[in-house]
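Survey of secondary and tertiary structure
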Amino acid sequence: MSILNQPFQGQLGDILIEKLDSNFKSITIFSAFAKNSGVLRLKSALEKFKENGGKITAFIGIDLDGTSYEALLNLFSLCDNLYVIHSENPSTTYHSKIYLLENDTSAWCAIGSNNLTGGGLWTNFESCSLLEYDLSSQKSELDNIYSVIDKYTDPSYICSTQISSIDDIDILLDANYISKEVTQKISTIKRRLDQTEQRKKNRLFGSEKISIPTMISFEKRRKPFTTPSEPPVDFTIRPSNIPAFTNEQFWFEMRKSTGGSRNILDLSMLGQIESGSVIGTPYEYTDSTHMYGGVKFFEIDPNETSREKNITINYHGIDYYPSTIKFTPNNGSWRIQLKGAPNDGTDELSKYGNKGDFVHKILVFEKINPDYYVLSLLDESELENIKSISRVWGRNGSNSSSKAYGML
């Protein structure tokens with residue numbers, strides 16, 4: 001047995017990805033909380049595991065608003081068996097964190113404090129025991145885990161329910177047992193802001209710098225460019241030792257949208273800061289009154305106007321590809337076309353634009369990796385609220401009527 005103290009001695013998420021690529025035939029996950037930040041960073045490894053004949057079972061808690069609607073949707077598409085665990089007793093919380101991989105002859109198990117979230121698997125201070133078993137002689141040592149699996153999968157056990165359809169997840173959402181990630185994010189930021197205001201101004205602790213597999217840095221100097229509404233800009237994208245954000249999220253004001261399918265979102269090369277600061281982030285610009293525009297969030301050099309980039313967007317638990325980001329010379333701006341075929345044979349993403357899903361909404365994107373993003377929506381009535389809790393926000397142009405965007 002060994003003890004992993006994350007992040008100093010490694011990160012459990014990386015270890016799980018490595019183990020999923022070995023010769024195990026099943027993985028059983030017990031986790032109190034599940035978020036897209038964890039689920040989607042394991043997704044490709046879990047998909048490959050399943051394609052190779054592996055079986056995936058998960059027992060997920062829904063207490064303390066720690067599990068999101070979107071995470072359950074994505075887990076449902078990945079798991080052979082997905083269960084939700086919850087007790088109506090307010091003094092009882094499902095709090096297990098176990099990752100068990102098995103084949104016919106051996107098993108590997110991590111037991112500790114790591115939830116199925118980006119923080120739990122990569123950036124939080126966490127500790128867990130890593131154990132290996134020879135099942136020919138040590139299988140009985142796993143009996144306590146097997147017995148709780150039997151308990152949770154027993155249809156008569158009243159604190160466990162198997163998710164058999166997306167409708168089951170929708171029922172949990174409608175009954176307020178779970179909520180959407182963007183709502184959870186806003187609540188978390190508000191709570192932290194309140195806590196910060198209550199503390200004394202002199203900080204008593206430092207900040208640990210921890211990276212997560214999210215961002216790519218590069219250095220490239222381009223010639224200055226101009227647009228009718230912006231001064232000459234020399235874009236220098238510098239390598240950064242700033243760790244990637246655990247849940248790097250940007251929001252964009254859509255308004256009426258453009259395009260026949262009402263699915264085109266305007267992105268900016270450069271923005272004028274209205275509130276907050278980008279110092280110490282990849283969006284820092286030489287002029288402190290400006291920040292790099294929304295196109296930089298999608299990891300595109302704003303001056304590389306001949307480039308097109310296709311990304312995958314996860315929306316309502318479904319992957320859509322390709323959504324295309326490109327520069328449009330006619331109006332001198334970058335745009336993203338929200339489109340692409342789904343992975344389950346349902347409507348393409350552009351159909352949601354035709355239905356009006358994106359119009360007069362605030363589009364919130366979370367970066368999983370440079371080519372993969374999660375999309376959530378807020379009503380535009382939330383604009384002032386989201387501005388007030390943003391780390392920084394600005395406008396695409398220099399006048400007060402320009403569309404707003406910001407970093408949560």
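Residues numbered from 1 in each chain as written. Predicted model: local features only at pLDDT ≥ 70, side-chain atom pairs only at ≥ 80, totals over all residues. Heavy atoms only, no water.

**Description of the overall build of the chain**
To keep it simple, the criterion reads: Helix numbers and strand numbers start at the N terminus; a helix is a DSSP run of H or I with at least 4 residues, a strand a run of E with at least 2. For every residue, the accessible area obtained with a 1.4 Å probe (protein chains only) is divided by the maximum for its type, and the residue is called buried under 20%, exposed over 50%, and partly exposed between those limits. It only takes one pair of heavy atoms within 4.5 Å for two residues to be counted as in contact.
Along the backbone of the chain there are eleven helices and 24 strands. Burial statistics for the chain: of 408 residues in total, 53% are counted as buried. A fraction of 68% describes how many contacts in the chain between residues 6 or more apart in sequence connect residues 24 or more apart.

**Topic: the confidence of the model for the chain**
Test applied: Values of pLDDT, ranging from 0 to 100, describe the predictor's confidence in every residue of the model.
For the chain, per-residue confidence averages 88 on the pLDDT scale, and 89% of positions sit at 70 or higher. For the stretch residues 214–246, pLDDT sits under 50, and the model shows 84 contacts to residues farther than four places along the chain or on other chains.

**Some thoughts on the packing of helix 2 (residues 36–51) against helix 3 (residues 69–78)**
Selection criterion: Fitted lines through C-alpha atoms give the axes, limited to the stretch in contact for helices. The angle between two N-to-C directions lies from 0 to 180 degrees. In these notes the angle categories are as follows: under 35 degrees is roughly parallel, over 145 is roughly antiparallel, 65 to 115 is roughly perpendicular, and the rest is oblique. When residues are grouped by polarity, Ala, Val, Leu, Ile, Met, Phe, Trp, Tyr, Cys and Pro land in nonpolar, Asp, Glu, Lys and Arg in charged, and all others, Gly among them, in polar.
Helix 3 packs onto helix 2 with a crossing angle of 5 degrees between their chain directions and a minimal axis gap of 10 Å. By the angle between their axes, helix 2 is roughly parallel relative to helix 3. Here Asn36, Val39, Leu40, Lys43, Leu46, Glu47 and Lys50 of helix 2 come into contact with helix 3, specifically with Glu70, Ala71, Asn74, Leu75, Ser77 and Leu78. Class assignment for the residues of the contact of helix 2 with helix 3 results in six nonpolar, three polar and four charged.

**A look at the pattern of salt bridges**
The line we're drawing: Salt bridges are counted wherever a side-chain nitrogen of Lys or Arg sits within 4 Å of a carboxyl oxygen of Asp or Glu.
If you walk through the whole model with that rule in mind, you get twelve salt bridges. Glu384 is the salt-bridge partner of Lys387, the closest N and O atoms lying 3.2 Å from each other. A residue pair is termed a helical-turn pair when its members lie 3 or 4 positions apart in one helix, as Lys387 and Glu384 do in helix 11 (residues 383–389) at three residues. What makes Lys387 buried here is its relative accessible area of 10%. Judged by its relative accessible area of 54%, Glu384 is exposed.

**Topic: the nonpolar core**
Selection rule: Residues belong to a common nonpolar core when they are buried Ala, Val, Leu, Ile, Met, Phe, Trp, Tyr or Cys residues joined through side-chain atoms within 4.5 Å.
Among the nonpolar cores identified, the biggest contains 41 residues, and Leu12, Trp108 and Leu116 are the most heavily contacted of them. Ranked by the residues each element gives to this core, the list is headed by helix 3, at six residues. Residues contacting Leu116, with those up to four places away along its chain left out, are Ile29, Ser31, Phe33, Ala34, Lys35, Gly38, Val39, Leu42, Ile60, Leu75, Tyr99 and Leu121.

**As for empty space enclosed by the protein**
The criterion, for reference: With a 1 Å grid spanning the protein atoms alone, the term cavity applies to any set of points in which a 1.4 Å probe fits but cannot get out, the term pocket to an open set with protein on both sides within 12 Å along at least five of seven lines, and the term lining residue to any residue with an atom within 4 Å of a point. Grid points are joined across faces, edges and corners, and a volume is the space filled by probe spheres set on the points.
The final tally for this structure, using the stated rule, is one cavity of 30 Å³ or more. Of the volumes computed, that of the largest cavity is approximately 40 Å³. Those elements giving two or more residues to the lining of the largest cavity turn out to be helix 8 (181–198), strand 21 (361–369) and strand 22 (372–379). In terms of residue count, strand 21 provides more of the lining of the largest cavity than any other element does, three residues in total. For the lining of the largest cavity, a count of residues per class yields four nonpolar, two polar and two charged.

**Digging into the packing of aromatic side chains**
Defined as follows: Geometry of aromatic contacts follows a simple scheme: Phe, Tyr and Trp rings, the Trp one being its six-membered ring, pair when their centres are within 6.5 Å, and the pair is stacked under 30 degrees between planes, edge-to-face over 60, tilted otherwise.
Enumeration over the complete set of coordinates arrives at 23 aromatic pairs. Judged by centre distance (5.4 Å) and plane angle (80 degrees), the ring pair of Phe298 and Phe365 falls under edge-to-face. Of the two residues, Phe298 sits in the loop between helix 9 (294–297) and strand 17 (308–315) while Phe365 sits in strand 21, which places them 67 residues apart along the sequence. Exposure remark for Phe365: the relative accessible area of 0% places this residue in the buried category.

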